[in-house]
Amino acid sequence: MKIVCAYSGGLDTSVMIPWLKEHYGDAEIITYTGDLGQGEDLEAIRAKALRTGASHAVVEDLRRPFLDEFVMPALRAGALYEGRYHMHTSLGRPLLARRLVEVAEEHGADAIAHGCTAKGNDQVRFEIAAQTLAPHLRVIAPLREWDMVTREMEVDYALERNIEIPITKEKPYSIDWNIWGCAIECGEMEDLWAEPPEDVWQMTKDPADAPKGSREIVIGFQSGTPVSIDGEQMDSVQIVEMMNKICGDYGVGRIDMIENRVVGLKSREVYEGPAAIPLHLAHAELERLVLDRSTAHYKAKIAQDFADLVYDGLWFSPLRDSLQAFIEHTQRFVTGDVRLRLSAGLAQVTGRRSPYSLYDEGLATYSDGDTFDRRTAEGFMAIYGLPYKTWGRVQRRGGY
Ligand code: ARG
């Protein structure tokens with residue numbers, strides 16, 4: 001048997017290599033590591049996978065396809081799960097699943113394996129994507145099968161087999177980090193009233209330590225995609241990295257929220273999205289300027305459905321595909337600039353402009369040069385109010 005195994009080099013996936021061999025008939029293990037911008041040394045991960053018993057280790061930089069094929073479509077959609085979460089984790093899984101499946105096919109493997117737990121959303125994203133893309137491949141989820149229920153048991157298992165494990169750091173946090181954001185989980189935060197300890201944050205400074213005063217930043221969009229910062233054209237990786245740095249220094253993009261997981265439980269989630277949150281804010285503001293009212297309101301509902309699909313592991317689905325087509329069509333005129341002012345923990349819109357702006361100063365002004373024909377409003381009141389006038393006369397009774 002040959003298994004392609006998603007591998008991060010952490011404790012779970014390190015233990016998985018010998019465990020899979022022992023439980024799946026001395027299987028041959030190929031590891032797959034995709035870099036979504038988590039800032040790790042890929043060559044070190046490759047070497048470690050081989051030392052741990054993999055016959056072959058694939059590592060690759062996926063930042064560009066991650067941003068261009070997954071993150072940017074979700075940004076153009078305005079998709080924030082439950083109105084807040086920028087879904088850096090949710091958007092990464094379908095790409096990793098796709099590459100796992102492709103590598104499995106290249107190497108003629110029989111199965112893929114992942115290190116997701118039974119309680120999380122990530123198993124859903126991996127497995128539904130894999131079922132869709134390669135229905136014939138078997139998926140193995142060792143963490144649902146083995147009976148090592150604590151970290152200590154896994155450490156013992158690794159030590160018995162001379163498997164290198166990550167040095168247990170003082171910080172007992174579980175962190176899922178990529179270029180679009182970070183999710184932090186730790187024991188202390190299971191107390192919903194407890195504030196996240198200051199050292200959990202990976203991408204953002206404490207707003208209290210932000211530079212004094214504020215600074216402006218101008219983000220340029222082309223058809224809904226950010227393409228420049230302060231007038232300088234950049235590719236998606238450069239833009240997101242630069243936003244992470246600048247906005248992270250101001251402590252922008254911290255989120256602490258209760259979230260409904262696919263598997264039915266509520267969890268407390270602590271996130272960072274120093275680029276994601278201000279980019280969503282800026283993109284949404286530009287849409288306010290260029291989309292007509294009906295499309296804007298309708299798109300907001302689609303955005304919610306889109307976010308649910310992504311979060312629920314249904315990136316590769318006919319509905320997500322069709323909603324995407326609608327979204328892209330709405331983005332044709334979402335071109336222009338948005339200016340943000342950053343200050344401790346805050347990003348605020350202070351200006352917007354677009355060649356496709358639907359704002360008409362002549363219509364909006366209360367000063368000289370008003371082009372709005374006041375007389376037409378009278379007829380509008382009569383027609384628009386007519387059904388309510390009738391209802392009020394015939395049916396409305398009593399108190400309000
Ligand atoms: N709750 C978030 C999500 O489902 C973050 C999950 C973080 N994943 C992890 N393996 N730590 O997208």
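Residues numbered from 1 in each chain as written. Predicted model: local features only at pLDDT ≥ 70, side-chain atom pairs only at ≥ 80, totals over all residues. Heavy atoms only, no water.

Draft legend 1. Here's a closer look at the packing of helix H1 (residues 11-23) against helix H7 (residues 151-160). Between H1 and H7, the least distance of the axes is 10 Å, while the angle of their chain directions is 55°. The angle between H1 and H7 places the two elements in the oblique class. Two packed elements cross with a definite hand, and for H1 against H7 that hand is left-handed. Where H1 approaches H7, its residues Leu 11, Asp 12, Val 15, Pro 18, Trp 19 and Glu 22 are matched on the opposing element by Arg 151, Glu 154, Val 155, Tyr 157 and Ala 158. When grouped by side-chain class, the residues that make up the contact of H1 with H7 number seven nonpolar, no polar and four charged. (Axes fitted to C-alpha atoms, helices over the stretch in contact; angles between N-to-C directions. Helix = DSSP H or I, 4+ residues; strand = E, 2+ residues; numbered from the N terminus. Parallel < 35°, antiparallel > 145°, perpendicular 65-115°, else oblique. Left-handed = near helix turned anticlockwise from the far one by under 90°. Contact = heavy atoms within 4.5 Å. Nonpolar A, V, L, I, M, F, W, Y, C, P; charged D, E, K, R; others polar.)

Draft legend 2. Region of interest: the site of the ligand. Close to the ligand lie 15 residues; Tyr 85, Asn 121, Arg 125, Glu 259 and Tyr 271 are nearest. Between the ligand and the protein, one listed contact pairs an oxygen atom with a side-chain N or O atom of Asn 121 at 2.7 Å. In the model, a nitrogen atom of the ligand is placed 3.1 Å from a nitrogen or oxygen of the Asp 122 side chain. Look at the ligand: alone it shows 340 Å² of surface, and the protein chains cover 86% of it. Mapped onto the shell around the ligand, the elements with two or more residues apiece are helix H4 (88-106), helix H5 (122-133), strand S6 (174-178), strand S7 (181-185) and strand S12 (266-272). With three residues, the single largest contributor to the shell around the ligand is H4. Taken together, the residues of the shell around the ligand break down into four nonpolar, four polar and seven charged. (Near = heavy atom within 4 Å. Polar contact = N/O pair within 3.5 Å; in protein donor to acceptor, adjacent residues only side chain to side chain. Areas by Shrake-Rupley, 256 points an atom, 1.4 Å probe, with all protein chains shown as cover.)

Draft legend 3. Region of the structure containing the sheet that holds S6. If you trace the four strands from one edge of the open sheet to the other, you get S6-S7-S12-S11, paired in antiparallel fashion. At either end of the open sheet lies a strand with only one pairing partner, and these are S6 and strand S11 (254-260). Pairs of neighbouring strands in the sheet enclose a mean axial angle of 25°, with direction left out of account. Bridging between S11 and S12 involves seven bridges; their strand directions are antiparallel. Opposite Glu 259, over in S12, you have Ser 267 as the bridge partner. Sitting on the sheet, H4 touches S6, S7 and S12, and the angle it makes with S6 is about 70°. (Pairing = 2+ DSSP bridges.)

Draft legend 4. Looking closely at the side chain of Asn 244. If you trace the backbone, Asn 244 turns up in helix H8 (residues 236-249). There is a polar contact of 2.9 Å between the side chain of Asn 244 and the backbone oxygen of Ile 179. Among residues more than four places away in sequence, those in contact with Asn 244 are Ile 179, Met 203, Asp 249, Pro 274 and Ala 275.

Draft legend 5. Representation of helix H13 (residues 374-394) within the structure. Over its 21 residues, H13 runs 31 Å from end to end, which matches the ideal 30 Å to within 8%, given 1.5 Å per residue. For H13, the N-terminal capping position is held by Asp 373, with its side-chain oxygen 3.1 Å away from the main-chain nitrogen of Arg 375. (Expected span 1.5 Å × (residues − 1).)

Draft legend 6. Fine view of the pattern of salt bridges. Taken as a whole, this structure holds 31 salt bridges when the rule is applied. Ionic pairing is found between Arg 93 and Asp 122, a salt bridge with its closest N-O pair at 3.1 Å. Here Arg 93 is found in helix H4, whereas its partner Asp 122 is found in helix H5, with 29 residues between them in sequence. Owing to a relative accessible area of 19%, Asp 122 belongs among the buried residues under this scheme. A salt bridge links Glu 216 to Arg 341, with the nearest nitrogen and oxygen atoms 3.0 Å apart. On the criterion of sequence distance, the pair formed by Glu 216 in strand S8 (residues 214-222) and Arg 341 in strand S13 (residues 336-343) is long-range, its members being 125 residues apart. Overall, Glu 216 belongs to the partly exposed group, its relative accessible area being 38%. If you follow the salt bridges from partner to partner, you end up with Glu 60, Glu 69, Arg 98, Arg 99 and Glu 102 in one network. (Salt bridge = Lys/Arg side-chain N within 4 Å of Asp/Glu carboxyl O. Buried < 20%, exposed > 50% of the residue type's maximum accessible area, 1.4 Å probe, protein only.)

Draft legend 7. Structural context of the side chain of Arg 99. By the element assignment, Arg 99 lies in helix H4. Overall, the relative accessible area of 15% leaves Arg 99 in the buried class. Within polar-contact distance, the side chain of Arg 99 engages the side chain of Glu 60 at 2.5 Å. For Arg 99, the contacting residues outside a window of four places in its chain are Tyr 32, Glu 60, Leu 62 and Glu 106.

Draft legend 8. Spatial organisation of the environment of Asn 162. Along the chain, Asn 162 falls in the loop between H7 and S6. Classification of Asn 162 by relative accessible area gives exposed; the value is 73%. Each C-alpha atom of the pair Asn 162 and Tyr 356 lies 63 Å from the other, and the pair is 194 residues apart in sequence.

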